[in-house]
Each structure stands twice: as structure tokens, then as C-alpha cells.
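# Secondary and tertiary structure notes
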Amino acid sequence: MFLLRHGQSEFNLHFTTTRRDPGIVDPRLTDEGHAQARAAGEALRGQGIRRIITSPYTRALETAVGVNAALGAEILINPIVRERYAFKCDIGTPRTELVRDWPHIDFSHIDEVWWPDINEPEPQVEARAALFRAEMAALGGWAAETLVVSHWGFLLALTGETMANGSWRAFDPTAPAPTDLSWPKLESVRRSPS
């Protein structure tokens with residue numbers, strides 16, 4: 001299967017320069033983020049991708065739709081691949097609003113509020129990643145035809161690697177799980193003056 005970190009979001013644009021939470025709830029992609037999604041779609045064309053599993057966050061949905069312009073795959077929503085809840089951008093959009101904004105995508109199986117209401121500890125994100133890894137490993141060939149559009153924290157927990165916005169990689173869910181993850185200290189990042 002393939003993993004793709006969503007394209008640059010409004011949060012990423014501001015956070016990269018200030019290292020402070022700009023307070024944007026469920027941010028959209030920037031123009032650069034949309035371009036990254038289209039480029040990833042073109043790069044992944046011909047890889048046999050038949051489905052895209054994406055987080056319900058707007059930045060991931062916009063990325064999945066942008067990538068799908070080149071792939072023509074089925075888009076499936078799975079909150080397990082959502083970002084670690086740590087910043088204002090990790091407050092999601094309620095299911096009823098997602099249904100209104102994305103009528104061609106099925107959200108019927110997710111809760112109205114599908115994101116946590118408190119900061120998510122690292123072991124909880126790692127447990128979500130382990131569960132997803134096991135589910136995908138059990139699916140064999142189905143997983144091989146799948147692209148997962150996710151987020152920095154979830155992808156770190158899944159692979160042990162940091163991925164840049166709009167970057168993608170092949171991933172074998174049967175490979176050994178990462179054992180030594182380097183999570184940044186959120187409080188020091190939030191208060192960093194630079």
C-alpha cells in the first residue's frame with residue numbers, strides 16, 4: 001500500500017514560520033497544498049490504486065480528492081488514520097457538515113463528533129497505528145491497492161518516520177513496527193519563540 005501525508009494546510013503554512021498554533025480549526029489546504037495533492041496523484045498513477053482511505057479532516061479530504069483526479073479510485077473515510085489531537089487544527093468538522101460539504105463521499109459510519117476532545121497521549125496514537133497496521137496486514141492484496149491519506153503524527157506512529165506535506169511512500173503493513181519514536185515535546189513547540 002501507499003501512504004501520503006496531506007498537502008500543506010493553512011495551519012502548516014503559519015506553524016512552519018512561527019512554531020506557534022495559529023488557532024485554525026480544521027484548516028483547508030493552501031494553493032501549494034492543492035498543487036502537492038495533484039502532483040502526488042500524477043506520481044501515483046499506474047500504481048494500481050483502487051481505493052483511498054482518508055482521515056475526515058478537511059485537509060486530508062481535499063488532498064484525497066485532489067489525488068483522486070488522477071486515480072479515479074473509491075474514497076473511504078476512516079477516523080483511525082486521523083491526526084493526533086494536540087492543536088486547534090485537530091478539532092474536526094462534525095459529520096453532518098461533512099455530509100453537506102462532500103455529498104459524494106459516505107460518512108454514514110462515523111460519529112457526529114469523531115475526534116477526541118482532549119489532547120491525545122502518544123501511546124494512544126501508537127495504539128491506533130498498531131491497530132490499523134494489523135487490519136491492513138490481514139487484508140493482503142486489498143491493502144496493496146490502497147492509498148492512505150493521513151497526517152504527520154499518525155504516520156510517525158505507523159512508520160517511525162517523519163513525512164513532509166504532500167510526500168508519499170510505499171508501505172508494507174507486515175513489516176516490523178517502529179520501536180523508538182521521537183515525539184516532539186508539544187509544550188516546548190507551542191511556546192517556542194522562533
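Report on the accompanying structure. All figures in this text were calculated on a predicted structure; none of them were measured in a lab.

## What to know about the sheet that holds strand S2 (residues 51-54)
Sheet strands pair via backbone hydrogen bonds, and the direction of the pair is either parallel or antiparallel. Judged by pairing direction, the sheet is mixed, and its 5 strands sit side by side in the order S3-S2-S4-S1-S5 without closing on themselves. Looking at the sheet topology across the chains shown, the edges are occupied by strand S3 (74-77) and strand S5 (168-170). If you compare each strand with its neighbour and ignore which way they point, the axes differ by 20° on average. Summarising the sheet, S2 and strand S4 (residues 146-150) pair through 4 bridges and their orientation is parallel. Within the sheet, the bridge partner assigned to Ile 53 lies in S4 and is Val 148.

## Details of the pattern of salt bridges
Applying the stated rule across the entire model yields 12 salt bridges. Note that Arg 45 is salt-bridged to Glu 42, the shortest N-O span being 2.7 Å. As a salt-bridge pair, Asp 90 and Arg 59 come within 3.1 Å of each other at their nearest N and O atoms. Taken together, the positions of Asp 90 in the loop between S3 and helix H4 (95-101) and Arg 59 in helix H3 (residues 58-71) put the pair 31 residues apart, joining distant regions of the chain. Asp 90 sits in the buried class, given a relative accessible area of 1%. Residue Arg 59 is classed as buried on the basis of its relative accessible area, which comes to 3%.

## Details of the pairing of S4
Burial analysis of S4 places 5 of its 5 residues in the buried class, which makes it a mostly covered element. Neither face of S4 is exposed, since Thr 146, Val 148 and Ser 150 on one face and Leu 147 and Val 149 on the opposite face are all buried. By the bridge criterion, 4 bridges tie strand S1 (residues 2-5) to S4 in an arrangement that is parallel. Paired with Leu 3 across the strands is Val 148, a residue of S4.

## Focus on H3
Three or four residues apart is the spacing at which side chains of an α-helix point the same way, because the helix has 3.6 residues per turn. The end-to-end C-alpha distance of H3, which contains 14 residues, comes to 19 Å, matching closely the 20 Å that a straight helix rising 1.5 Å per residue would cover. The buried fraction of H3 is high, at 12 of 14 residues. Within H3, the full set of buried residues consists of Thr 58, Arg 59, Ala 60, Leu 61, Glu 62, Thr 63, Ala 64, Gly 66, Val 67, Asn 68, Ala 70 and Leu 71. Buried-residue contacts for H3 involve S1, helix H2 (31-44), S2, S3, H4 and S4. Gly 72 lies just past H3 and shows a positive phi near 65°.

## Description of helix H7 (residues 152-159)
In terms of burial, H7 is largely enclosed, as 7 of its 8 residues are buried. Those residues of H7 that sit buried are Gly 153, Phe 154, Leu 155, Leu 156, Ala 157, Leu 158 and Thr 159. Looking at the buried positions of H7, the neighbouring elements they touch are S1, helix H5 (122-138), S4 and S5. Positioned one or two residues after H7, Gly 160 has a phi angle of 85°, which is positive.

What counts as what
- Residues numbered from 1 in each chain as written.
- Predicted model: local features only at pLDDT ≥ 70, side-chain atom pairs only at ≥ 80, totals over all residues.
- Heavy atoms only, no water.
- Pairing = 2+ DSSP bridges.
- Helix = DSSP H or I, 4+ residues; strand = E, 2+ residues; numbered from the N terminus.
- Axes fitted to C-alpha atoms, helices over the stretch in contact; angles between N-to-C directions.
- Salt bridge = Lys/Arg side-chain N within 4 Å of Asp/Glu carboxyl O.
- Buried < 20%, exposed > 50% of the residue type's maximum accessible area, 1.4 Å probe, protein only.
- Expected span 1.5 Å × (residues − 1).
- Contact = heavy atoms within 4.5 Å.

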